[in-house]
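The lines below spell out each chain.
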Amino acid sequence: MGTFRRTIPDPSNQKLNWTKEPLSVLIVRKHLDESVMIPFRDLLIWLVEAKNMVVLVEQSVMDDRILKDDKDFQRLQDKLSTFKEDDDLTDKVDFIICLGGDGTLLYVSSLFQSNVPPVMAFNMGSLGFLTPFRFSDDFKTEVSKVMQGSASLLLRYRLKCVVVRHDTEPTQDIPHVKNIQKEDVWTKTHKLVLNEVVVDRGPSSYLCNLELYIEGRRVTSVQGDGLIISTPTGSTAYAVAAGASMIHPSVPCILLTPICPHSLSFRPIVVPAGVEIKVMLSPDARGTAMVSFDGRDRMEIHQGDSLRITTSNYPVPSICATDQIEDWFDGLANCLNWNIRHQQKPLQTASSVSSFESLEAESSKSSQVSLLNGNS
């Protein structure tokens, strides 16, 4: 009889270990926010002049009016490399630094449709649930520690999403989504997402009527406003607003959450990472549906098209400010106010109150304390 050994992953063992010292760094800042300009410029100057790194920035940075008029930035311009959104950055960058909010990190994820370098995300946005670092005068120490490999690492799962055209035609033999390539002729779109894929009814006034398959088995019909297919990272985004549970990013799974389902018993479910999820329009659907990927690239799907999803082989290595557990629960408390409430008052027991006279004395004492606190 064979033996079965199960290894439970230990989050404390996931550490950042460079095989070689990082030589190139990609810096992405939040767009249309002037408060990011000074930190962005200071970081560029330090990385180029003090650390002698190859620094890549977006092409639009060179055309920014505020930066172009800055003397410190002017002496730096010729030393910077630039890229455009559709450029292939694979194997060109050792390290990424984000200055912005969660949306900036989602944008960085979209730039890499295969391997992603380690990402250090500074919170300079509105929410900051995915960006654990705080930018301050001590940013040089924080970045230096990370470049030395002294940091915990969180591998954030992504979803591989493929829209296949007319996959019900008998002449086509569509492989499992994990084997579909971007250049395959039947592929309509091919993307990796960090948060979620959303299928909804778009501008139509009709119910969204979808068929849901998992590993080729028809599981159920989805009738309502739509369906959210999310990663554990995305569980705290749109999914939780639609009634899903919050899942730690290290849990290998995919979360399926209906949006305003017509059936009251249709609750969110969690399925194992790596399974193939297929969503198609029902033959009885009265209209088309819309699909979006991390809130972007919205497109329409028609009868015969199918959306196929599985866990990608290319996660986003997110650098922790402290560690996987503390960063996540800090985010729940600070960004989402999770389980924050006024505490109940303690009961006055018989051991502390023995008569109406003592109750009156306690009440008078409490009133005086409240009055003093109000005056102060």
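Just so it is clear, the structure is predicted and the values come from calculations on it, not from any experiment.

**Q** Explain the overall build of the protein chain to me, please; I cannot follow it from the model alone.
**A** Check the secondary structure of the protein chain and you find eight helices and 19 strands. The buried share of the protein chain, taken over its 376 residues, is 47%. For the protein chain, contacts bridging at least 24 residues in sequence account for 70% of all contacts bridging at least 6.

**Q** Can you walk me through the packing of aromatic side chains in this structure?
**A** Aromatic ring pairs are defined here through the distance separating the ring centres and the angle between the ring planes. The tally for this structure, following the rule as stated, stands at seven aromatic pairs. Geometrically, the ring pair formed by Trp46 and Phe139 is edge-to-face, given 5.9 Å between the ring centres and 85° between the ring planes. Linking Trp46 in helix α1 (residues 37-50) with Phe139 in helix α5 (residues 139-147), this pair joins segments that are 93 residues apart in sequence. The class of Trp46 is buried, set by a relative accessible area of 11%. Judged by its relative accessible area of 6%, Phe139 falls in the buried class. Centroid distance Trp328 to Phe329: 5.1 Å. Interplanar angle 75°. Geometry classified as edge-to-face. Residue classification places Trp328 among the buried residues on the basis of a relative accessible area of 11%. Taken together, the aromatic side chains of Trp46, Phe122, Phe133, Phe135 and Phe139 make up a single cluster linked through ring pairs. Seen from the ring of Phe40, Arg29 lies directly overhead, with NZ or CZ sitting 5.4 Å from the centre. Between the NZ or CZ atom of Lys278 and the centre of the ring of Tyr213, over which it lies, the distance is 4.7 Å.

**Q** Help me understand the environment of Phe129, please; the structure alone is not making it clear to me.
**A** Here Phe129 is to be found in the loop between β5 (119-123) and α5. Here Phe129 falls in the buried class, since its relative accessible area comes to 11%. Between the C-alpha atom of Phe129 and that of Leu336, which follows or precedes it by 207 residues, the distance is 8.3 Å. The residues touching Phe129, leaving out its near neighbours within four places in the chain, are Asp102, Thr236, Trp328, Gly331, Leu332, Cys335 and Leu336.

**Q** Honestly, the pairing of strand β8 (residues 187-193) in this entry has me stumped. Any pointers?
**A** Moving residue by residue along a regular strand, the side chains alternate between the two faces of the sheet. The element β8 is largely enclosed, with a buried count of five among its seven residues. Pairing between strand β7 (residues 159-164) and β8: six bridges, direction antiparallel. From the neighbouring strand, Val162 faces β8, where its bridge partner is His190.

**Q** Can you help me understand unusual backbone geometry in this one?
**A** Residues apart from glycine generally show negative phi values, whereas peptide bonds are mostly found in trans. We note that Leu32 has phi near 60°; this positive angle belongs to a residue other than glycine. As for its position among the elements, Leu32 is in the loop between β1 (24-29) and α1. Positive phi is not limited to glycine here, since Asp91 has a value of about 65°. Along the chain, Asp91 turns up in the loop between β3 (81-83) and β4 (95-100).

**Q** When you look at the sheet that holds strand β10 (residues 208-214) in this model, what are you seeing that I'm missing?
**A** Strand pairing within a sheet occurs via backbone hydrogen bonds; the two strands may be parallel or antiparallel. If you trace the six strands from one edge of the open sheet to the other, you get β8-β7-β18-β15-β10-β11, paired in antiparallel fashion. The strands lining the two open edges of the sheet, one partner per strand, are β8 and β11 (217-224). The average undirected angle you get between the axes of adjacent strands in this sheet is 20°. When strand β15 (residues 277-281) meets strand β18 (residues 306-311), the two strands line up antiparallel, connected through four bridges. Each residue of the ladder has a partner; that of Val279, found in β18, is Leu307.

**Q** Looking at this structure, how should I read helix α4 (residues 102-111)?
**A** Three or four residues apart is the spacing at which side chains of an α-helix point the same way, because the helix has 3.6 residues per turn. A large share of α4 lies buried, amounting to eight of its ten residues. Residues of α4 that are buried include every one of Asp102, Thr104, Leu105, Leu106, Tyr107, Val108, Ser109 and Leu111, and no others.

**Q** Please explain a nonpolar patch on the surface as it appears in this structure.
**A** There is a patch of nonpolar side chains on the surface, built from Leu127, Ile325, Phe329, Leu336 and Trp338 and spanning about 440 Å² of accessible area. Considering the arrangement of structural elements, one finds Phe329 in helix α7 (residues 324-336).

So, how was this worked out
Residues numbered from 1 in each chain as written. Predicted model: local features only at pLDDT ≥ 70, side-chain atom pairs only at ≥ 80, totals over all residues. Heavy atoms only, no water. Helix = DSSP H or I, 4+ residues; strand = E, 2+ residues; numbered from the N terminus. Buried < 20%, exposed > 50% of the residue type's maximum accessible area, 1.4 Å probe, protein only. Contact = heavy atoms within 4.5 Å. Phe/Tyr/Trp six-rings, centres within 6.5 Å; stacked < 30°, edge-to-face > 60°. Lys NZ or Arg CZ within 6 Å of the ring centre and 35° of its normal. Pairing = 2+ DSSP bridges. Axes fitted to C-alpha atoms, helices over the stretch in contact; angles between N-to-C directions. Patch = residues over 30% accessible without salt bridge, like charges linked within 9 Å, V, L, I, M, F, W, Y side chains within 5 Å. Areas by Shrake-Rupley, 256 points an atom, 1.4 Å probe, with all protein chains shown as cover. Salt bridge = Lys/Arg side-chain N within 4 Å of Asp/Glu carboxyl O.

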